[in-house]
Amino acid sequence: MTEVAPRRGAAPSPPDTAKRWMIEMVSVHKWFGDFHVLKDINLNVDRGERVVVCGPSGSGKSTLIRCINRLEDYQRGRIIVDGIELTNDLKNVDAIRREVGIVFQHFNLFPHLTVIDNLMLAPVWVRKMPRAEARDLAMTYLERVRIPEQADKYPGQLSGGQQQRVAIARSLCMNPKIMLFDEPTSALDPEMIKEVLDVMVNLAADGMTMLCVTHEMGFARTVADRMIFMDEGEIIEAAAPEKFFSNPRNERTQLFLSQILEH
Amino acid sequence: MVDRADPTVTVRPPRATVGVVGWLRTNLFDGPWNTILTVFALVLLASIVPPTVDWVFLDAVWGAVGADVCKAAAGACWAFLHEKYRLILFGRYPFDEQWRPLLGVVLLIVMLALSCSRANWKLWLGVLWVGGLALFGTLMWGGVFGLAYVETSLWGGLPLTLILSVFGVVVAFPLSILLALGRRSEMPVVRAFSVAYIELIRGVPLISLLFMASFMLPLFLPSGVNLNALLRAQVAIILFTAAYLAEVIRGGLQAIPAGQYEAARALGLGYWRMTGNIILPQAIRLVIPPIVNTFIGMFKDTSLVAIVSLTDLLLATRQAISDPEWRAYFVEGYVFIAVIYFCFCFFMSRYSLYLERELETGHRR
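Keep in mind the model is a prediction, meaning the values are calculated, not measured.

**Q** How would you summarise the overall build of chain A if you had to cite specific residues and measurements?
**A** Of regular secondary structure, chain A possesses nine helices and ten strands. Here the C-alpha atoms of chain A give a radius of gyration of 18 Å, agreeing with the 18 Å that 2.2 N^0.38 yields for 263 residues. Its C-alpha atoms give chain A principal-axis dimensions of about 50 × 45 × 40 Å. Sorting the 263 residues of chain A into buried and exposed places 56% on the buried side. Long-range contacts, defined here as pairs at least 24 residues apart, represent 66% of the contacts in chain A between residues at least 6 apart. By element, 48% of the accessible surface of chain A is carried by carbon and sulfur atoms, the whole surface being about 11400 Å². Separation between the mean location of the 32 positive side-chain charges and that of the 36 negative ones in chain A comes to 4 Å.

**Q** Explain the interface of chain B and chain A residue by residue, including any values.
**A** Each partner contributes to the interface: chain B provides 19 residues, whereas chain A provides 24 residues. In total, chain B and chain A occlude about 2100 Å² of area from one another, counting both sides; carbon and sulfur atoms represent 60% of this. Our count for the chain B to chain A interface comes out at one salt bridge. Close ionic contact of R66 of chain A with E262 of chain B constitutes a salt bridge, the shortest N to O distance being 2.6 Å. Put simply, the parts of the chain that give the side of chain B that touches chain A at least two residues each are α11 (258-266) and α12 (271-286) of chain B. Of the residues forming the side of chain B that touches chain A, the biggest block, seven residues, is contributed by α11 of chain B. By residue class, the composition of the side of chain B that touches chain A is seven nonpolar, seven polar and five charged.

**Q** Tell me about a nonpolar patch on the surface, residues and numbers included.
**A** Together, F40, L42, L44, L45, I48, V49, V53, F57, L58 and W62 of chain B make up an exposed nonpolar region whose accessible area comes to about 1000 Å². Here F57 of chain B shows up in helix α2 (residues 32-58).

**Q** Quick rundown of the nonpolar core? Include the residues and the values.
**A** Residue and element names in this part refer to chain A. With 129 residues, the main nonpolar core has M25, I41, L64 and L211 as its most contacted residues. Beyond its immediate chain neighbours, meaning those up to four positions away, M25 contacts I41, N42, L43, N44, L64, I68, R78 and I79. Among the nonpolar cores identified, the runner-up in size contains 52 residues, and L172, L197, V199 and A224 belong to it.

**Q** Run through the packing of helix α8 (residues 188-202) of chain B against helix α10 (residues 229-254) of chain B, naming residues and quoting values.
**A** Helix-helix packing is described using two parameters, namely the angle between the two axes and the distance between the axes. All names here are of chain B. Viewed as axis vectors pointing N to C, α8 and α10 meet at an angle of 115 degrees, and their least axial separation amounts to 9 Å. α10 is crossed by α8, and the crossing has left-handed handedness. Of the residues in α10, those in contact with Y197, I198, I201 and R202 of α8 are L239, F240, A242, A243, Y244, A246 and E247. Across the contact of α8 with α10, the residue classes break down as nine nonpolar, no polar and two charged.

**Q** Which residues make up the environment of L43 of chain A, and what values go with them?
**A** All names here are of chain A. Tracing the backbone through its elements, the reader meets L43 in strand β2 (residues 35-45). Exposure remark for L43: the relative accessible area of 1% places this residue in the buried category. Linking L43 and M25, residues 18 residues apart in sequence, is a C-alpha distance of 5.0 Å.

**Q** Describe in detail the sheet that holds strand β7 (residues 178-182) of chain A, supporting the description with residues and values.
**A** Residue and element names in this part refer to chain A. Taking strand neighbours across the sheet as the criterion, the six strands line up as β6-β7-β8-β3-β9-β10 in an open arrangement whose pairing is mixed. Here the strands that pair on one side only, and so sit at the sheet edges, are β6 (100-103) and β10 (234-239). Neighbour-to-neighbour, the strand axes of this sheet turn through a mean angle of 20 degrees, independent of strand direction. Here strand β9 (residues 226-231) runs beside β10; their pairing, made up of five bridges, is antiparallel. Of the residues in β10, the one forming a bridge with M230 is I235. Against the sheet, helix α6 (residues 190-205) touches β3 (50-54), β7 and β8 (209-213), its axis set at about 145 degrees to β8.

Criteria and thresholds
- Residues numbered from 1 in each chain as written.
- Chains lettered and ligands numbered in written order.
- Predicted model: local features only at pLDDT ≥ 70, side-chain atom pairs only at ≥ 80, totals over all residues.
- Heavy atoms only, no water.
- Helix = DSSP H or I, 4+ residues; strand = E, 2+ residues; numbered from the N terminus.
- Rg over C-alpha atoms; globule rule 2.2 N^0.38 Å.
- Buried < 20%, exposed > 50% of the residue type's maximum accessible area, 1.4 Å probe, protein only.
- Contact = heavy atoms within 4.5 Å.
- Areas by Shrake-Rupley, 256 points an atom, 1.4 Å probe, with all protein chains shown as cover.
- Lys, Arg positive; Asp, Glu negative; His and termini not counted.
- Charge placed at Lys NZ, Arg CZ, Asp CG, Glu CD.
- Buried area = accessible area lost by both parts, 1.4 Å probe.
- Salt bridge = Lys/Arg side-chain N within 4 Å of Asp/Glu carboxyl O.
- Nonpolar A, V, L, I, M, F, W, Y, C, P; charged D, E, K, R; others polar.
- Patch = residues over 30% accessible without salt bridge, like charges linked within 9 Å, V, L, I, M, F, W, Y side chains within 5 Å.
- Core = buried A, V, L, I, M, F, W, Y, C linked by side-chain atoms within 4.5 Å.
- Axes fitted to C-alpha atoms, helices over the stretch in contact; angles between N-to-C directions.
- Left-handed = near helix turned anticlockwise from the far one by under 90°.
- Pairing = 2+ DSSP bridges.

If you want it as structure tokens, here you go:
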């Protein structure tokens, strides 16, 4: 297995002491029936680090990040998120879900609720925030994703790019420590990709810990602290973007990059 | 191509496609086959409508006259209804007290009407229903405030039909939601119970359930415990409707994309929050037409309680036409209650369309 070390040395700490990683995955295995989706995944993500995961379809990258907030379970190994170990204990799972935001490929907004209600739902019911306060919070984040004027519309009335920005704002309303992105721009029309990536770049600039599955290599180059390449359920290569793009070591990585960067 | 040289000239559609002539052409005389059908339909209407109008209005006997007058007339004998409408509408409820069920029915209808508008779905409506039902019960039973006590075996007609239907809806609906959720539950015992309940109840005709509730249940109860006959029939109707409705709602639940569950869970919502705020509102909206369908069926099925001797609208009508003097005028009686049943059912079906439009929130993805 490739050694996956964090590049950012912002908080230098001796490697032998128990460092508190934001995300710590230790030898995680997952099977769908007989199919071995994740094979011995070891990955540590530092506070404020931005990690971009890429790889061919079916390589397990979405499954990997969905394990982190327990949308998928795994059969072997350990995942520790901000000091809380994921177990079958629902309390732990809920505690982790409160700290981890996720943005899906297909937005998954609640179509029967207005934009503002989509945003207020979790703060009101999960954080028990007063409605007025939740509304202010929601408006703050809608302004941050630059669509406050859409607050009272329904998701079905927005464009794909706007919906995805609402989805990002919805996650941010829970004030997460980590944001997971599962191919956030793959379902978008080309002209809407930029508006979503801009929001993500801003988020990265604010120091959010981000783990992002994407094929947007331009975005990866500007934002990522570390690139991870997955194939057939394994982490094949992990490197800083400069090194990853200019000088990939593994030939599978080289092949993948040549396929997606050719055009 | 349209000539666009002069933009001030508006191009009109050809005359023959607009207006009355256009409508007639496209809808009634669009080709030989269509023309034949139109002519046929006109002939049919001409042979049905005038005799019906004659029977219902022109040749009919109105007002408080005896059955002998009807015998001489060719048309409908509305005098029969004049004579018997109180028996049909209120059954064997004491004659002088029948203002009470009348007031009760009006009260129920007003509450139902108020519940229709989405703007009224507030806390006060729930309070109103609790208060309204208490008042309804007081009116029907009496025994307080100087009202004479009337036992449930004397209740009948429209109030009885409405009681069975309204309580059928109000209790069966939440029960069916629990059953539908139970059938999709990950807990084996809950799931097995729900499946067994739904399949058992659905596999049995309502009539046999009513019989069981009326005649077999008392055998199993300890002596001295005497469950009210109306209550037993009501429970049978509720259990029966809930089983059907549960499957309808399960259909709605299955149409909700997995992404909705994932998004709700990822935000940290628990099972009941997720179900109540995210899944059910969408699932139920999707299945409004079959839900209303089930309710309409249930409303008409309440007439089956006649076989356990509850005097609902239908049995009250049959009692009215069993009067030897008026025996010949059963058609008038059945037309009368058919109109009543139709009004309620038609209203339900229109309301379901309104509700669908009202809850539409743009395109689903």
